[in-house]
Amino acid sequence: MLNWRRDPGYDQRMSEIESAIEQIEKETKQIEKETEQLRRENARLKQLNARTKHLLSCVDQLCFPPDSSSTHPPATGSDCKPSSP
C-alpha cells in the first residue's frame, strides 16, 4: 500500500484558479462590450466624416468657383443639397 497524502494546498490553488478564470471571463465580456461600442462609434464617425467632406466640397464649389472672373454667377446650390443624417 502506498503512503498517499493529499496535497494540502491543492484546494486553495484550485479555488484561486477558478477565481482567476471567472475574472478573465468577466474582463472578456467587458472587452467585447467595449469593442462593440467602439465599432458603433467608428461607424458614426465615418458617417460624420463623409458628411463633413461633402459639406466642405460644397463650400469650395460655392465660395471658390473654378473660374476667377470678376463677376460670379449666383450660386444655385443644386449640387450641394444637404445630405440626410
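Residues numbered from 1 in each chain as written. Predicted model: local features only at pLDDT ≥ 70, side-chain atom pairs only at ≥ 80, totals over all residues. Heavy atoms only, no water.

*Asks:* I tried to follow the pattern of salt bridges on my own but got confused; where do I start?
*Replies:* Any two side chains of opposite charge can pair if their charged atoms end up close together. The final tally for this structure, using the stated rule, is three salt bridges. One salt bridge connects D7 with R13, and the closest N-O pair in it is separated by 2.3 Å. The class for D7 is partly exposed, based on a relative accessible area of 37%. One salt bridge connects R39 with E36, and the closest N-O pair in it is separated by 4.0 Å. Note that R39 and E36 are positioned in helix α1 (residues 10-63) at a spacing of three residues, about one turn of the helix. Ionic contacts of the salt-bridge type, sharing partners, join the residues E36, R39 and R40 into one network. (Salt bridge = Lys/Arg side-chain N within 4 Å of Asp/Glu carboxyl O. Buried < 20%, exposed > 50% of the residue type's maximum accessible area, 1.4 Å probe, protein only. Helix = DSSP H or I, 4+ residues; strand = E, 2+ residues; numbered from the N terminus.)

*Asks:* Looking at this structure, how should I read a nonpolar patch on the surface?
*Replies:* Taken together, the side chains of Y10, M14, I17 and I21 present a nonpolar region at the surface, about 340 Å² in accessible area. Its place among the elements puts M14 in helix α1. (Patch = residues over 30% accessible without salt bridge, like charges linked within 9 Å, V, L, I, M, F, W, Y side chains within 5 Å. Areas by Shrake-Rupley, 256 points an atom, 1.4 Å probe, with all protein chains shown as cover.)

The values are spatial; any link to function lies outside them.
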